[in-house]
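Understanding the architecture of this molecule
So the chains spell out like this:
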Amino acid sequence: MNLAFIRSAPPSATPIESSPGYWQSVFSRLRRDPVAWLVGTVILALVLMAILGPHILPGDPFTTSMFKRLKPVGTAGFPLGTDELGRDLLSRLMLGARLSLFMGITPVILAFFIGGSIGIVAGYAGGWVNSLIMRTIDVFYAFPSVLLAVAFSGALGAGVDNALISLTLVFVPQVARIAESVTTQVRNRDYIEAARASGASAFTIIRTQVLGNVLGPIFVFTTGLISVSMILASGLSFLGLGVSPPEPEWGLMLNTLRTAIYTQPLVSALPGAMIFITSISFNILADRMRVAMATRS
Amino acid sequence: MDNQDIGGPAQPLLSARQLVKHFPVKGALGKRDVVRAVDGVDFDVLKGETLGVVGESGCGKSTTARLLMQLIHHDRGELVFDARTVGGHDLPLRAYRRQVQMVFQDSYSSLNPRLTMEQSVGFGPSVHGVGKRESLERARDLLARVGLEPSRFAGRYAHELSGGQRQRVNIARALAVNPRLVILDEAVSALDKSVEAQVLNLLQDLKDSLDLTYVFISHDLHVVRYVSDRILVMYLGEVVEVGPAEALFESAGHPYTQALLTSMPSMDPANRTLVSPLSGDPPSPIAPPSGCRFHTRCPHAEPVCGQRAPRLTPVAAGHLAACLMVEAGAGHSRSPAVALRLQEV
């Protein structure tokens with residue numbers, strides 16, 4: 001073999017060239033995606049509406065009037081009509097974004113942290129620890145999520161707090177399962193072995209080597225859950241287990257307006273349309289993020 | 001991070017004593033079987049040498065490597081590093097991991113895709129308490145040392161490097177904690193021949209300048225012969241022969257080693273291997289053959305080979321083989337009558 005010795009490069013003072021990091025390139029791909037822009041704008045508008053809520057309302061969402069019940073869309077003073085008690089529907093929908101988004105997003109954030117931690121620990125530990133955790137999780141998984149949410153909520157009693165707890169309980173197993181499966185994949189990579197060989201503790205390895213590789217997929221999955229959460233939260237309110245009247249919440253509004261479906265079909269469909277737009281926006285955003293993350297530069 | 005010599009030059013750097021590792025597997029009908037991946041392995045790694053480890057796939061080479069690195073723990077036996085028991089009182093596992101490092105075969109899978117090269121290389125030192133800034137500085141020095149210009153490569157990610165460059169980073173990462181022993185598990189096997197030669201030279205260079213000891217695991221006998229001082233041959237989880245590289249290649253003491261050497265492709269087209277020296281796959285490590293594990297495929301097998309397990313017996317100075325044909329009074333028709341008397345080695 002003809003072999004030339006490799007000479008050490010002399011240390012240089014030139015600045016380090018750096019490549020865009022993973023998240024940087026994911027965001028730059030997302031920025032170039034028109035669909036992501038569209039749904040991002042919708043979500044931003046909804047969030048702004050929820051934050052600014054009371055300060056930008058065109059009318060009073062709580063004043064009732066027997067004479068102005070169920071006005072159609074386009075009535076003077078009531079651009080989106082009135083509900084069954086004569087309250088301004090536009091104001092109620094705008095104020096409703098607050099509770100609806102809060103009830104849709106909070107359980108998902110809680111589940112992201114709780115379920116994510118459980119799943120990552122189970123996936124990294126492997127062996128009997130994994131079996132113990134995952135078989136317990138499977139018990140929850142055996143029930144349909146709607147049934148589970150109603151059961152927990154019913155057991156805990158009506159109210160926003162209890163609805164949030166029960167929704168979180170519904171999502172924790174789902175997030176944990178995804179977290180476990182991606183962590184298990186990553187755990188068997190040689191770079192984890194190499195990190196173990198360098199004497200790092202399990203906690204250090206999870207923090208520095210595992211998290212960066214598993215948070216992306218877990219985050220995408222969890223974002224997709226926001227739509228489910230909103231629909232379930234609306235469902236709980238619809239059944240009287242979530243928000244209680246006269247507080248405006250889209251699910252609850254859908255429930256009370258359903259009796260007017262024959263007289264004012266458009267007005268009674270509006271809360272449902274809001275739920276639909278919000279949840280599909282989150283769904284599409286999650287989907288575009290998955291696409292942006294799957295691409296190798 | 002000082003890794004000082006303790007036992008002096010004559011003390012082997014690492015001794016494996018009767019290492020055993022069995023993996024449980026679920027057999028048919030819920031029957032519990034064990035794969036005897038490593039089954040009583042005994043050898044020394046001397047200070048400053050390169051010990052080549054060869055054998056067919058499935059013979060326990062990689063399991064041995066992982067045992068030496070303590071990524072998996074042995075069921076029985078003992079590892080002694082420079083006169084101290086690994087995992088014992090004077091050498092806890094964490095301290096041992098500063099002395100021994102490993103380079104894996106798959107250069108891509110052994111680098112974290114989310115970390116830059118300097119972060120990957122600097123991880124080891126930071127685990128052992130070196131400050132963040134200093135770790136990165138050290139990482140850049142090491143990148144330069146393995147022939148990668150730090151200003152170009154320190155901020156790069158694994159997918160932006162070629163296989164040879166990635167393996168250089170892996171070598172730098174292994175060296176980052178100042179180890180005394182580096183285990184190279186098929187570290188150059190996945191590289192192109194020309195790149196392989198460059199990396200082998202780099203390894204030799206680093207070994208000389210940093211006083212390293214290598215355990216070099218490979219299935220490529222040409223490469224092993226080129227880099228090794230001594231060679232260890234494994235078959236079905238056991239050591240069948242160990243000896244100085246040249247002696248082993250010139251006069252192999254075990255029929256398995258002879259077969260392996262005959263199977264080496266020759267550089268000379270007039271000297272092709274025409275008959276396959278070994279037929280079939282090695283027997284299952286779940287139920288290895290009785291007696292000598294090689295007797296089912298050995299051209300010199302006799303009934304006694306199925307009954308009596310051979311011991312590692314000296315055939316020359318520092319050269320041992322586990323075969324009844326070299327063991328005195330073992331009952332094989334070719335067994336010598338008296339044991340070979342060696343002058344004090």
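Residues numbered from 1 in each chain as written. Chains lettered and ligands numbered in written order. Predicted model: local features only at pLDDT ≥ 70, side-chain atom pairs only at ≥ 80, totals over all residues.

So, the nonpolar core
To keep it simple, the criterion reads: In this description, a nonpolar core means buried residues of the types Ala, Val, Leu, Ile, Met, Phe, Trp, Tyr and Cys, linked to one another by C-beta atoms lying within 7 Å. Think of it as a crowd count around each C-beta: if 20 or more other C-beta atoms lie within 10 Å the residue is buried, if 12 or fewer it is exposed, and in between it is partly exposed, with C-beta placed from the backbone throughout. Elements are defined by DSSP. Helices are runs of H or I of four residues or more, strands are runs of E of two residues or more, and each kind is numbered from the N terminus.
Counting residues in each nonpolar core, the largest one holds 166 residues, and the members touching the most others are A:V175, B:L143, B:I183 and B:V215. Here the element with the most residues in this core is helix α8 (residues 202-238) of chain A; it accounts for 16 residues.

Some remarks on the sheet that holds strand β1 (residues 14-26) of chain B
Residues and elements named next belong to chain B. Which entries qualify depends on this criterion: Note on pairing: two strands pair once DSSP finds at least 2 bridges between them. Two residues qualify as a contact pair if the distance between their C-beta atoms, derived from the backbone, is within 7 Å. For every element, the axis is a line fit to its C-alpha atoms; helices are fit only across the contacting stretch, and the angle between N-to-C directions ranges from 0 to 180 degrees.
Pairing in this open sheet of four strands is antiparallel, and the strands run β2-β1-β4-β5 from one edge to the other. A single partner strand is all that each edge strand has here, and the edge strands are β2 (32-45) and β5 (84-85). Across two bridges, the pairing between strand β4 (residues 76-81) and β5 is antiparallel. Each bridged residue has a counterpart across the sheet, and for F81 the counterpart in β5 is R84. In the packing of helix α1 (residues 61-69) onto the sheet, the strands contacted are β1 and β2, and the crossing angle to β2 comes to about 65°.

Considering helix α10 (residues 255-262) of chain B
Counting along an α-helix, one turn takes 3.6 residues, and residues three or four places apart therefore face a common direction. Those residues of α10(B) not exposed but buried are B:P255, B:Y256, B:T257 and B:L260. Against the buried residues of α10(B) lie β3 (50-54), α8 (221-227), β9 (230-235), β10 (238-244) and α9 (245-250) of chain B.

Some details on the packing of helix α5 (residues 145-156) of chain A against helix α6 (residues 160-187) of chain A
Helix packing for two helices is described by the angle between their axes and how far apart those axes are. Residues and elements named next belong to chain A. For the record, the criterion: By convention the crossing between two helices is left-handed if the near helix lies anticlockwise of the far one by an angle smaller than a right angle, and right-handed if it lies clockwise. The residue classification treats Ala, Val, Leu, Ile, Met, Phe, Trp, Tyr, Cys and Pro as nonpolar and Asp, Glu, Lys and Arg as charged. All others, Gly included, are polar.
At a minimum axis separation of 8 Å, α5 and α6 run at an interaxial angle of 145°. Judged by the twist between their axes, the crossing of α5 over α6 is right-handed. Where α5 approaches α6, its residues S145, L148, A149, F152, S153 and L156 are matched on the opposing element by N162, A163, I165, S166, L167, L169 and V170. Its residues assigned to classes, the contact of α5 with α6 shows nine nonpolar, four polar and no charged.

Some points on the interface of chain A and chain B
By a widespread convention, an interface's size corresponds to the accessible area lost as its parts come together. Between chain A and chain B, the residue contacts involve 32 residues of the former and 41 residues of the latter. Of all the elements in the fold, those that place two or more residues in the side of chain A that touches chain B are α7 (190-197) and α8 of chain A. A per-element tally of the side of chain A that touches chain B places α7(A) first, with seven residues. Its residues placed into classes, the side of chain A that touches chain B shows 14 nonpolar, 12 polar and six charged.

So, unusual backbone geometry
All names here are of chain B. For D82, which is not a glycine, the phi torsion comes out positive at approximately 45°. With respect to the helices, strands and loops of the structure, D82 is situated in the loop between β4 and β5. The class of D82 is buried, set by 21 C-beta atoms lying within 10 Å. One non-glycine residue with positive phi stands out, namely D211, at about 55°. Residue position: D211 is located in the loop between α7 (193-210) and β8 (213-217).

Description of the confidence of the model for chain B
Put simply, the test is: In predicted models, pLDDT denotes the confidence assigned by the predictor to each residue on a 0 to 100 scale.
Chain-level pLDDT for chain B is 86 on average; 94% of the residues reach the 70-or-more range. Listed scores for the predicted complex are pTM 0.81 and ipTM 0.82.

Some points on the sheet that holds strand β6 (residues 100-103) of chain B
Residues and elements named next belong to chain B. Taking strand neighbours across the sheet as the criterion, the eight strands line up as β6-β7-β8-β3-β9-β10-β12-β11 in an open arrangement whose pairing is mixed. In this open sheet, the two edge strands, each paired with only one partner strand, are β6 and β11 (312-316). Sheet twist, expressed as the mean angle between neighbouring strand axes with direction ignored, is 20°. Where strand β7 (residues 181-185) and β8 come together, five bridges link them in parallel fashion.

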